[in-house]
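# Overview (structure and organization)
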Amino acid sequence: MHGATRAQITWHLLLPGAMPSILNGWRSAAGLAVTGGIVGDFFFRQGSAGIGRLLDKYTNFLQSEQLFAGVLLCSAYGLAVFWFFGLLTRVLVGSWHESAGAIRS
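A short tour of the structure in this document, coming up. (Residues numbered from 1 in each chain as written. Predicted model: local features only at pLDDT ≥ 70, side-chain atom pairs only at ≥ 80, totals over all residues. Heavy atoms only, no water.)

This next bit is on the overall build of the protein chain. Summing up its helical and strand segments, the protein chain has four helices and zero strands in all. In sequence order, the secondary structure elements of the protein chain are arranged as α-α-α-α. Taking 2.2 N^0.38 as the reference for a compact globule, 105 residues should give roughly 13 Å; the C-alpha atoms of the protein chain span a radius of gyration of 20 Å, well beyond that estimate. Its C-alpha atoms give the protein chain principal-axis dimensions of roughly 70 × 30 × 15 Å. Counting the 105 residues in the protein chain, one finds 24% classified as buried. Summarising the internal contacts of the protein chain: among those between residues at least 6 apart in sequence, 39% fall at separations of at least 24. Accessible area for the protein chain stands at about 7500 Å²; split by element, carbon and sulfur atoms hold 68% of it. Charge separation in the protein chain, taken as the distance between the mean sites of 7 positive and 4 negative side-chain charges, equals 11 Å. (Helix = DSSP H or I, 4+ residues; strand = E, 2+ residues; numbered from the N terminus. Rg over C-alpha atoms; globule rule 2.2 N^0.38 Å. Buried < 20%, exposed > 50% of the residue type's maximum accessible area, 1.4 Å probe, protein only. Contact = heavy atoms within 4.5 Å. Areas by Shrake-Rupley, 256 points an atom, 1.4 Å probe, with all protein chains shown as cover. Lys, Arg positive; Asp, Glu negative; His and termini not counted. Charge placed at Lys NZ, Arg CZ, Asp CG, Glu CD.)

See the structure below:
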């Protein structure tokens with residue numbers, strides 16, 4: 001790295017070293033973003049109706065089958081997003097970092 005520019009050092013050394021932490025942060029944030037979006041729709045009621053308002057409607061009218069299906073849909077969506085970022089971490093980081101081993105188990 002002797003004689004390399006700051007951009008070259010960042011691109012070839014710092015970014016690959018930080019990539020596992022960045023991707024694990026995205027993975028955690030993605031699952032929480034799904035929850036935040038549903039809760040935000042549930043409480044703030046702005047724009048078109050989303051899954052949060054549907055869950056509220058099903059609760060108010062005691063439609064337990066639809067409520068259960070909505071909760072399962074929300075859970076499946078959260079797991080899919082979490083799984084996608086785990087797969088992205090596995091693809092981009094591979095097996096060279098210990099965080100990739102934690103994802104597999």
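So, about the nonpolar core. Membership of the largest hydrophobic core is limited to seven residues, which are A30, V34, I38, L55, C74, V81 and F85. Of all the elements in the fold, those that place two or more residues in this core are α1 (6-44) and α3 (64-93). (Core = buried A, V, L, I, M, F, W, Y, C linked by side-chain atoms within 4.5 Å.)

What follows deals with the packing of aromatic side chains. How two aromatic rings sit relative to each other is set out by the distance from centre to centre and by the angle between their planes. Scanning the model with the defined rule gives three aromatic pairs in all. Look at F42 and F43: their rings are 5.0 Å apart centre to centre, the planes differ by 85°, and that puts the pair in the edge-to-face class. When its relative accessible area of 56% is taken as the criterion, F43 is described as exposed. Ring centres of F84 and F85 lie 5.3 Å apart, and the angle between their planes is 80°; this geometry places the pair in the edge-to-face category. The rings of W26, F84 and F85 are connected pair by pair, giving a single aromatic cluster. (Phe/Tyr/Trp six-rings, centres within 6.5 Å; stacked < 30°, edge-to-face > 60°.)

On to α3. Between the first and last C-alpha of α3 there are 43 Å, a value that for 30 residues agrees with the 44 Å anticipated at 1.5 Å per step. Within the span of α3, buried status applies to G70, C74, G78, V81, F85, G86, T89 and V93. Directly beyond the C-terminal end of α3, a positive phi value near 75° is found at G94. (Expected span 1.5 Å × (residues − 1).)

A word on a nonpolar patch on the surface. A contiguous nonpolar surface patch, about 520 Å² in accessible area, is contributed by W83, F84, L87, V91 and L92. Here L87 shows up in helix α3. Since its relative accessible area comes to 30%, L87 is described here as partly exposed. (Patch = residues over 30% accessible without salt bridge, like charges linked within 9 Å, V, L, I, M, F, W, Y side chains within 5 Å. Salt bridge = Lys/Arg side-chain N within 4 Å of Asp/Glu carboxyl O.)

Counting across every chain of the model gives two salt bridges. With a closest N to O distance of 3.7 Å, D41 and R53 form a salt bridge. With D41 in helix α1 and R53 in helix α2 (residues 51-60), this pair connects stretches of sequence that are twelve residues apart. The same class applies to D41 and to R53, which are both buried. Between R45 and D56 there is a salt bridge, with its nearest N and O atoms 2.2 Å apart. Of the two residues, R45 sits in the loop between α1 and α2 while D56 sits in helix α2, which places them eleven residues apart along the sequence. Residue classification places R45 among the partly exposed positions, given a relative accessible area of 40%. Judged by relative accessible area, which is 12%, D56 ranks as buried.

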